[in-house]
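# Chain and residue survey
Listed below are the residues making up each chain.
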Amino acid sequence: MRPKTHLPAGVIGVYFLLSCLIFPCSSLPRSSEQSQAFTSILVHQKGLDFVKDLLVNKAVSSSLPIRLPTIEKYQKIPFVGNVRMVLSEITIYKLDAPDSYIRPGDAGVAIIASGTTGDISMRWNYSYSTWLLPVEITDKGSARVKVKGMEVGITVGLETREGSLKLTLLDGGCHVHDLSIELDGGASWLYQGMVDAFDKKIRSLIESAITSKLKEGISKLDLLLRSIPKEVYIGSGVSLNVTIVNDPQLSSSSIGFQVNGLFMSRIGVPVPDYYVRKPYLAVSCRDPAKMLGISLDEAVFLSASSLYYNANFMHWIVDKIPDQSLLNTAGWRFIIPQLYKQYPDDAMNLNISLSSPPDVHISENNFGASVYADFVINVIEAGKSIPVACISLVIRGSGTIKVVGNNLAGSLKLSDFTMSLKWSNIGNLRLFLIQPVMWTIIETVFLPYANSHLGKGFPLPIIHGFTLRNAEVTCSDSQLTVCSDVSYSESTNLKRLMIPLFWPSNTYTA
């Protein structure tokens with residue numbers, strides 16, 4: 001056949017990952033059909049927690065160290081006098097958030113990290129002079145600061161603007177409950193003087209730096225989300241419209257998105273726009289512990305069917321089949337005697353073309369399709385193909401749908417078919433004699449070819465580096481739902497993206 005509160009990087013990362021997990025990044029032109037939603041995506045609490053934990057770990061590791069500005073102060077020390085103290089090379093080199101959570105709600109999505117700890121290194125020096133000595137006294141050394149009980153949090157609003165997600169920072173901040181300073185070297189009076197002089201200032205610098213990074217990161221992430229293309233390229237001039245429709249739906253334990261989800265042409269092939277969607281396409285998973293649910297309306301499959309049909313992809317010339325005798329008129333001499341009599345021992349080929357787009361139908365626990373095809377018998381004479389008869393077929397099949405990697409794939413099994421003679425140049429045909437042969441051709445030629453393409457499937461909207469695991473597929477009235485967990489493997493592209501996005505600069509300026 002030919003044919004108020006989380007680590008800054010973690011907070012930002014959660015939203016980036018949620019958007020890219022659902023809407024892959026690729027540069028493609030926009031669709032003109034943006035107003036309806038035929039695919040719904042629901043990220044459950046388990047999925048939100050997975051994303052949060054992953055991004056907190058990876059984003060924090062990529063953001064450190066953080067350099068804070070130099071600070072200095074004059075402090076009056078008993079029996080010493082006014083001492084000029086300076087802290088420099090102040091660097092946060094470790095952050096740990098053992099207890100964090102993400103909670104969607106009516107006001108937005110809150111991410112909280114409590115009990116966060118951090119380690120800071122710095123250099124210190126001081127100088128002073130007294131009336132007793134005519135020279136300035138100086139000393140210097142290093143110090144370590146342990147930050148304890150830090151709380152970091154943020155609340156972000158999610159809405160849809162022109163088919164993209166928009167983030168709005170509603171609230172965000174950081175509070176340091178306690179810190180301890182350990183000095184290496186220095187006079188005995190220095191420790192208490194250092195604490196009195198710099199305790200509040202160090203707290204303030206940490207809180208301001210993290211809060212500033214939160215605001216900076218959300219602003220940059222908002223620009224990134226709005227720049228994500230609204231189509232996913234499938235191949236052969238076809239793409240999947242992933243324009244976001246309507247604002248995200250937030251509950252106490254999930255975030256829901258609606259996208260257009262229809263197949264569309266990148267080369268001007270028309271696609272019918274008569275699809276009627278339900279007012280709301282619900283995502284219902286039998287196992288509530290799954291991380292992610294994706295529901296596709298029947299219209300998604302119908303749009304693919306119409307698009308490939310209109311692009312003339314559903315037309316095949318068959319010149320090789322398992323029973324090669326059927327491609328010679330001698331193999332038909334007892335089935336269509338007049339064919340053999342008129343074209344004795346001539347080679348043949350079969351021209352199969354669909355007469356209309358396949359009709360896909362989804363019902364409770366069933367996925368099926370009806371295919372309408374014209375089957376033209378050609379005789380090869382002197383190197384030319386001569387059409388001799390055309391039989392119209394209606395092939396009905398039941399489908400099996402499964403998730404292969406991140407693709408939704410399937411296969412079709414023959415249920416039954418009907419046929420009628422459309423035209424003939426060799427007289428009337430006895431269709432009851434042809435029926436067994438046609439069954440064999442459908443089973444051994446048409447279905448294997450169709451299933452070789454259906455088996456590859458089309459991509460579900462999942463970013464590279466993430467893979468659906470233990471996916472379950474269910475069918476209900478006019479919709480198909482995939483419920484799955486997600487695993488992550490190291491993604492170089494994601495890693496490169498995270499570093500400049502989350503922390504474009506590792507230096508904080510007060």
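Residues numbered from 1 in each chain as written. Predicted model: local features only at pLDDT ≥ 70, side-chain atom pairs only at ≥ 80, totals over all residues. Heavy atoms only, no water.

Our next topic: the overall build of the protein. When its secondary structure is counted, the protein shows seven helices and 24 strands. Across the 510 residues in the protein, those meeting the buried criterion constitute 52%. As displayed, the protein has an accessible area near 23,000 Å², and 52% of this comes from carbon and sulfur atoms. (Helix = DSSP H or I, 4+ residues; strand = E, 2+ residues; numbered from the N terminus. Buried < 20%, exposed > 50% of the residue type's maximum accessible area, 1.4 Å probe, protein only. Areas by Shrake-Rupley, 256 points an atom, 1.4 Å probe, with all protein chains shown as cover.)

Moving on to the sheet that holds strand 1 (residues 39-44). Read across the open sheet, the six strands follow the order 12-13-1-15-24-23; overall the sheet is antiparallel. One side of each edge strand has no neighbouring strand; the edge strands of this open sheet are strand 12 (249-250) and strand 23 (466-476). Pairing analysis gives nine bridges linking strand 23 to strand 24 (residues 479-488), with the strands arranged antiparallel. Bridging from a neighbouring strand, T474 pairs with T481 of strand 24. (Pairing = 2+ DSSP bridges.)

Counting residues in each nonpolar core, the largest one holds 86 residues, and the members touching the most others are I202 and F301. Take this core: its biggest share by element is 13 residues, from helix 3 (residues 190-227). In this structure F301 touches L296, V360, I362, F367, L408, F458 and L480, once residues within four positions along its chain are discounted. (Core = buried A, V, L, I, M, F, W, Y, C linked by side-chain atoms within 4.5 Å. Contact = heavy atoms within 4.5 Å.)

Our focus in this paragraph is the pairing of strand 7 (residues 137-161). Looking at chain direction, strand 6 (residues 108-128) and strand 7 are connected through 17 bridges and run antiparallel. Looking at the pairing, V109 lines up with V156 of strand 7. The sheet contact formed by strand 7 and strand 9 (residues 178-184) spans seven bridges and is antiparallel. By the bridge assignment for strand 9, A143 is matched with L183.

Helix length check: helix 4 (residues 298-310), at 13 residues, gives a terminal C-alpha distance of 19 Å against a target of 18 Å (1.5 Å per residue), a fit within 8%. Of the positions making up helix 4, those classed as buried are E298, A299, V300, F301, S303, A304, S305, S306 and L307. Its side-chain oxygen 2.9 Å from the backbone nitrogen of A299, D297 forms the N-cap of helix 4. Where helix 4 terminates, the next one or two residues include N312, which has phi positive at roughly 65°. (Expected span 1.5 Å × (residues − 1). Polar contact = N/O pair within 3.5 Å; in protein donor to acceptor, adjacent residues only side chain to side chain.)

In this section: the state of the cysteines. Under the criterion given, the structure shown has one disulfide. Residue pairing for C285: its cysteine sulfur links by disulfide to C483, the two sulfurs lying 2.0 Å apart. Measuring the twist about the S-S bond at about -95°, one finds the C285-C483 disulfide to be left-handed. With a gap of 198 residues between them, C285 in the loop between strand 14 (263-265) and strand 15 (292-297) and C483 in strand 24 connect regions that are remote in the sequence. Each member of the pair C285 and C483 is classed as buried. (Disulfide = S-S within 2.5 Å.)

It is worth spelling out unusual backbone geometry at this point. Within the chain, N246 stands out as a residue other than glycine whose phi angle is a positive 75°. Counting through the fold element by element, N246 comes out in the loop between strand 11 (238-241) and strand 12.

Here the structure, examined in full by the defined rule, presents twelve salt bridges. Note that K166 and D222 form a salt bridge whose closest N and O atoms lie 3.2 Å from each other. Placement of K166 in strand 8 (residues 164-175) and of D222 in helix 3 is noted, with a sequence separation of 56 residues between them. The partner of K422 in a salt bridge is D374, and the shortest N-O contact between them spans 2.9 Å. You can see K422 sitting in strand 21 (residues 407-424) and its partner D374 sitting in strand 19 (residues 366-381), a full 48 residues away along the chain. It is possible to trace a salt-bridge network through shared partners that takes in K166, D222 and R226. (Salt bridge = Lys/Arg side-chain N within 4 Å of Asp/Glu carboxyl O.)

Looking now at the sheet that holds strand 11. On the basis of which strands lie adjacent, the open sheet formed by three strands has the order 10-11-14 and antiparallel pairing. In this open sheet, the two strands that pair with only one neighbour each are strand 10 (231-235) and strand 14. The sheet shows a mean angle of 40° between the axes of neighbouring strands, direction not considered. Sheet topology note: the strand 11/strand 14 ladder contains three bridges and is antiparallel. Counted as the bridge partner of S239 is M264 from strand 14. Here helix 4 sits on the sheet and contacts strand 10, strand 11 and strand 14; the angle it forms with strand 14, its principal contact strand, is near 25°. (Axes fitted to C-alpha atoms, helices over the stretch in contact; angles between N-to-C directions.)

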